[in-house]
Amino acid sequence: PLWLFSVRNRLRQIVGASTNWRDHQQALADRLSLSSQLAASQEELPVRRMKDSYIEAHLPLGTDPKLREKYLNYHKGVRFGRILEDLDSLAVLICYSHTHDKALPRSPLSIVTALVDKIDMRKQIIHPDCDIKFTGHVTWVGKSSIEAKMHMFQNMLLTVCVSVPVRAAFVNPLKPEGPEEEKLFQQGEVNKTRRVELSTASLLKVAPTDEERKIIHSLFLNTLDTKTVSFRSRVLPPNSVWMEDAKVKGLEICHPQERNIFNRIFGGFLMRKAYELGWANACSYGGCRPSLVAVDDILFQKPVEIGSLLLLSSQVCYTDGKYIQVRVHTEVLDPLTRQHNTTNVFHFTFVTDKDVPNIMPQSYGESMLYLDGKRHFNQTLKSQ
């Protein structure tokens, strides 16, 4: 079987990446020289089947005590951030398996994760003393993008949909075989349509719906000070927390150790750091240890370069009973120009074993974050 810790070595072999950071400039030049091998159209590439990209990988937590230490958390559970790193690497390897050309010693394609559609936790406990099996294959392709679906088996099931684009390059077409594969392929089309619809309806582009406006106005009325006739005088309702007081921030210096095969910061590392910060915020907010329910719409907007200062900001943006919705925003700070550029946005849904305080927005911007969090939470409930 393929051991999960060997996946990155396989990826380095596929693209010809060096393990020595000092060679990164030469490696970049070598990658650029392979661009002449890219297909001029998708029609030039052979059709692939779903089973052509199928991969099964194992993480021997139960049989390798030394490896287990890397994944163990303080509560004697498994660090889910480490699992996110593994899933990211495996998704890219699956996509390279789909586009593999035996005639080429190195792949000219540069495949990176663009977004994670959904991660659903069927069970909330990952046991540190049991081996884990990962399986996955390509389920949908466009002209230059690929979607892979993966499952993780232990005493639980984890489903991950990862959309991976190959920019400015065509990828092999995919031919579903049988009704089950046809259903998977059609789901990929549905996912693509849903992403377009969500982008079109984004609160950064269009106004809230009538129902959402009523929700925000109701929250506003509930926080007015009845002793004064003023729009500015606000009072926090009982068992509530202002959104301004539900933030946790962090900073990472991006060292070469965390680079991917293309000498930029590894996407799995970003996901791990965002998850751990979001978890810490949910833990602090709820006053108890939260469990992950789902990860929704992880968007990779820009690559993060080695040496960057990465700023992470987590915000509790919506609550419902025992559920906490956390948004993590990451951006790169250029210390010379003082400019901030957004690189990633993450959405996490957590659940606790007791009801948590209600989160309350004050400003219009916070109200939009509240509605965005509510939308993601409702989408999570629909998929459960």
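Residues numbered from 1 in each chain as written. Predicted model: local features only at pLDDT ≥ 70, side-chain atom pairs only at ≥ 80, totals over all residues. Heavy atoms only, no water.

An unreviewed UniProt entry annotates the chain as HotDog ACOT-type domain-containing protein of Esox lucius. The heading Sequence similarities (unreviewed entry) in the UniProt record of the chain holds the text "Belongs to the acyl coenzyme A hydrolase family." (UniProt positions renumbered as here; feature names shortened; annotations may be inferred.)

S.K.: Looking at this structure, how should I read the side chain of Arg82?
M.R.: Along the polypeptide, Arg82 turns up in helix α4 (residues 80–99). If we skip the residues at most four places from it in the chain, Arg82 touches Lys70, Tyr71 and Arg272. (Helix = DSSP H or I, 4+ residues; strand = E, 2+ residues; numbered from the N terminus. Contact = heavy atoms within 4.5 Å.)

S.K.: What's the story with the environment of Lys322 in this structure? I'm lost.
M.R.: Within the secondary structure layout, Lys322 lies in the loop between β10 (309–320) and β11 (323–333). With relative accessibility at 37%, the residue Lys322 sits in the partly exposed group. Taking the C-alpha atoms as reference points, Lys322 and Val351, separated by 29 residues in sequence, lie 5.5 Å from one another. Leaving out residues up to four positions away in the same chain, Lys322 has contacts with Phe350, Val351, Thr352, Asp353, Lys354 and Asp355. (Buried < 20%, exposed > 50% of the residue type's maximum accessible area, 1.4 Å probe, protein only.)

S.K.: Explain the packing of aromatic side chains here, please?
M.R.: In this description, an aromatic ring pair is defined by two values, namely the gap between the centres and the angle between the planes. All told, the structure shown has nine aromatic pairs when counted by the stated rule. Relative to Tyr275, the ring of Phe80 has its centre 5.4 Å away and its plane inclined at 65°; by these criteria the two rings are edge-to-face. Of this pair, Phe80 sits in helix α4 while Tyr275 sits in helix α7 (residues 267–286); the two residues are 195 residues apart in sequence, bridging distant segments of the chain. Accessibility classification places Phe80 together with Tyr275 in one group, the buried group. Pairwise contacts between aromatic rings join Phe80, Tyr275, Phe300, Phe346, Phe348 and Phe350 into one cluster. (Phe/Tyr/Trp six-rings, centres within 6.5 Å; stacked < 30°, edge-to-face > 60°.)

S.K.: Sorry, what's going on with the pattern of salt bridges here?
M.R.: Any two side chains of opposite charge can pair if their charged atoms end up close together. Applying the stated criterion across every chain, the model contains 13 salt bridges. Between Arg272 and Glu85 there is a salt bridge, with the nearest N and O atoms lying 2.9 Å from each other. Highlighted residues: Arg272 in helix α7 and Glu85 in helix α4, separated in sequence by 187 residues. With a relative accessible area of 6%, Arg272 lands in the buried category. Glu85 gets classed as buried once you look at its relative accessible area, which sits at 7%. Residue Glu276 pairs with Arg272 through a salt bridge whose shortest N-O separation is 3.9 Å. Of this pair, Glu276 and Arg272 both sit in helix α7, four residues apart, roughly one helical turn. Of the residues examined, Glu276 reaches a relative accessible area of 25% and is grouped as partly exposed. (Salt bridge = Lys/Arg side-chain N within 4 Å of Asp/Glu carboxyl O.)

S.K.: What is the right way to read the packing of helix α1 (residues 7–15) against α4 from this model?
M.R.: Between two packed helices, the angle of one axis relative to the other and the distance separating the axes together describe the packing. Contact geometry for α1 and α4: axes closest at 10 Å, N-to-C directions at 40°. Of the possible angle classes, the one that applies to α1 and α4 is oblique. Of the two elements, α1 crosses α4, and the hand of that crossing is left-handed. Residues Val7, Arg8, Arg10, Leu11, Ile14 and Val15 of α1 form the contact with α4, whose own contacting residues are Ser89, Leu90, Val92, Leu93 and Tyr96. (Axes fitted to C-alpha atoms, helices over the stretch in contact; angles between N-to-C directions. Parallel < 35°, antiparallel > 145°, perpendicular 65-115°, else oblique. Left-handed = near helix turned anticlockwise from the far one by under 90°.)

S.K.: Mind showing me how you'd approach α1 here?
M.R.: An α-helical segment advances 3.6 residues per turn. Residues three or four places apart therefore align on the same side. Along α1, the positions that sit buried rather than exposed are Val7, Leu11 and Val15. Along α1, the residues classed as buried sweep out an arc of 60° about the axis, all on the same side. In this structure, the buried side of α1 is in contact with β1 (2–3), α2 (24–33) and α4. With its phi angle positive at about 75°, Gly16 sits one or two positions after the end of α1. (Arc of directions from axis to C-beta.)

S.K.: Before we go on, may I ask you to explain the side chain of Thr139 in this structure?
M.R.: Along the polypeptide, Thr139 turns up in strand β4 (residues 132–141). Overall, Thr139 belongs to the buried group, its relative accessible area being 3%. Those residues in contact with Thr139 that sit more than four places away from it in its chain are Met50, Glu147, Ala148, Lys149, Leu174, Leu184 and Phe185.

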